[in-house]
Amino acid sequence: MSELKGTEGPVYTPESVEYDEQRGGYQRVTAHRPALVVAATGAEDVRAAVEHAAREGLRVAVQAGGHGLGEPLEGGVLISTRRMSGVRVDPVAGTAWVEAGASWGRVIEAAAPHGLAPLSGSSPGVGAVPYTLGGGVGLMARRYGFAADHVRRLTVVTADGRIRDVTPDTEPGLFWALRGGGGAFGVVTGMEIGLVPVERLYGGGLYFDVERVPGVLTAWHRWTATVPEETTSAVALLPMPDLPMIPEPLRGRYVAQIQIAHLGAEEEGRRLTEPLRALGPALRDTLRELPYTESATIFDEPDHPHAYLSRNRLLRDLDPDTLATLLATTGPSAPVMTVVQFRHLGGALARPPRVPNAIGHRGAARYSLNVLSPVEPGGEESARAAHRAAVAPFEREAVGTLLNFSYGPLDKDTVRSAFEPGDHERLARLKARLDPRDLLHGAWPIGSVQESRG
Ligand SMILES: Cc1cc2nc3c(=O)[nH]c(=O)nc-3n(C[C@H](O)[C@H](O)[C@H](O)COP(=O)(O)OP(=O)(O)OC[C@H]3O[C@@H](n4cnc5c(N)ncnc54)[C@H](O)[C@@H]3O)c2cc1C
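Residues numbered from 1 in each chain as written. Predicted model: local features only at pLDDT ≥ 70, side-chain atom pairs only at ≥ 80, totals over all residues.

Trainee: Report on the overall build of the protein, specifying residues and quantitative values.
Mentor: Looking only at helices and strands, the protein features 14 helices and 18 strands. Taken over C-alpha atoms, the radius of gyration comes to 21 Å for the protein, in line with the 22 Å a tight globule of 454 residues would show. Taking the principal axes of its C-alpha atoms as reference, the protein extends roughly 65 × 50 × 45 Å. Put simply, the protein has 454 residues, and 52% of those count as buried. (Helix = DSSP H or I, 4+ residues; strand = E, 2+ residues; numbered from the N terminus. Rg over C-alpha atoms; globule rule 2.2 N^0.38 Å. Buried ≥ 20, exposed ≤ 12 C-beta atoms within 10 Å, placed from the backbone.)

Listed below in structure tokens is the structure:
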């Protein structure tokens, strides 16, 4: 094999002391095992890595934070974008240029001094570019739509080693595909996104003991039918372990956590959430007016790497009988510890964006369901079986899958179900044209060798 020379960023091999740290990410259920890790510093490094892989007949994967790892790459070249973490805000245009490895946290910090915010999600540690390539359902989603709807341009290195400026005019097909279709079409080195004029919001979590307040899910579902587009919310069912690191009021309980982000003043937020507070005694209530820079406290998700698997469905609607099945399939006595989360969709998410993109099921999907379990080595199959059982009663309302919330390898039917009929074929044709040798190994198989294995 010829050596990869001339990159500004370092290159690691399995013999390097730093190899494990460089190939690892947030998801620990598995990891890429590449022959080379290129810690790219910019588009030229990415181009050099792609050209090297093409010369040697190696496949290429890309990783930023590693939250969304699908099927790991064996051999080949892993481009790590973590050093490409720059963010440049143009306050006059209300846009940001975001490099491939920048986390949402960095974009939030850079935008806030200008009274602006990005369409970021529940966790600031997630990479802004990978999140956006998968669509991106964020804290303000019902008001502003998917993060991908706000992309203005991207710089992309395609499998032929070209650095392309991708806009609706220069590369309409690729511009459509990358916004919602994932990263299998090229390596994005940066993107320009529109920011929104948001400094503060009313949000946080309401935690109820499901045993004392059994109707929380149905009450949240009823409540979502009454809220304006300014309100985006979710509800999670969490079996809290009886461990010292869990705060006392939650420890050892089966908890429903309603997560709310409302774009409005405190008084309005209080009025709007009154029906939820009236449900019963909350174990914890963190609802308050807060700056967008503290938006991570709304979902309060773990930020340490761990191993997890999930199953996800986009749903037309929810009904009380089906919701009631979750206690048996995922409750405290279920064989596998499972976290359930519903997000309320609709609003701007249901409307077509100004420039069409690959995101599917906009109008039809009013809720998403995600079931997720932390897994120990060897526990993968029982987690998958538990997830199938938990999701089964909801299948009759399912319209597809949301790729961003699907953690772990996906089969081709699941990937196909994320898109409108015909759109998956369009993506596969584009992939075949831009990457005929299937060099780029995306998290989700689209028209590739990965797909024929699925
Ligand atoms: C705790 C947590 C909270 C989350 N919250 C939300 C949320 O609120 N809303 C939401 O929509 N999603 C959410 N997600 C999902 C998340 O958006 C995806 O998993 C995303 O891909 C993770 O970003 P990352 O930087 O860790 O990606 P990585 O795991 O590094 O990358 C994921 C995949 O993206 C592709 N990719 C990465 N970089 C590039 C690039 N530069 N060019 C081309 N392709 C690339 C590759 O195929 C790669 O395998 C969450 C995930 C977690 C674990």
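Trainee: Outline the sheet that holds strand β4 (residues 77-80), supporting the account with residue identities and numerical values.
Mentor: Judged by pairing direction, the sheet is mixed, and its four strands sit side by side in the order β1-β2-β4-β3 without closing on themselves. Of all strands in the sheet, those bounded by a partner on one side alone are β1 (11-12) and β3 (60-63). Pairing between β3 and β4: four bridges, direction parallel. Each residue of the ladder has a partner; that of Val60, found in β4, is Val77. This element, helix α2 (residues 43-56), spans β2 (36-39), β3 and β4 of the sheet and lies at about 170° to β4. (Pairing = 2+ DSSP bridges. Contact = placed C-beta atoms within 7 Å. Axes fitted to C-alpha atoms, helices over the stretch in contact; angles between N-to-C directions.)

Trainee: Describe helix α13 (residues 423-434), naming the residues involved and giving the relevant values.
Mentor: Given a rise of 1.5 Å per residue, twelve residues ought to cover 16 Å, and the 16 Å separating the end C-alpha atoms of α13 matches this to within 8%. Packed against the buried residues of α13 are α6 (172-181) and α12 (412-416). (Expected span 1.5 Å × (residues − 1).)

Trainee: How would you sum up the nonpolar core? Please name residues and give values.
Mentor: Of all hydrophobic cores here, the largest spans 136 residues; its most connected members are Ala49, Val60, Ile79 and Val107. There are two domains that each give this core at least three residues, and those are domain 1 (87-197) and domain 2 (200-409). (Core = buried A, V, L, I, M, F, W, Y, C linked by C-beta atoms within 7 Å. Domains from an automatic or database assignment.)

Trainee: Requested: an account of helix α10 (residues 320-330), with residues and values cited.
Mentor: Along an α-helix, residues three or four positions apart point the same way, because every turn accommodates 3.6 residues. Here α10 has its buried residues at Leu323, Leu326, Thr329 and Thr330. Viewed end-on, α10 has its buried residues packed into an arc of 105°, placing them on one side of the element. Across α10 from its buried face, at more than 90 degrees, point the exposed residues Pro320, Asp321 and Ala328. On its buried face, α10 is in contact with α7 (216-224), β11 (231-239), β16 (339-344), β17 (367-374) and α11 (380-391). (Arc of directions from axis to C-beta.)

So yeah, pure geometry; function would need other evidence.
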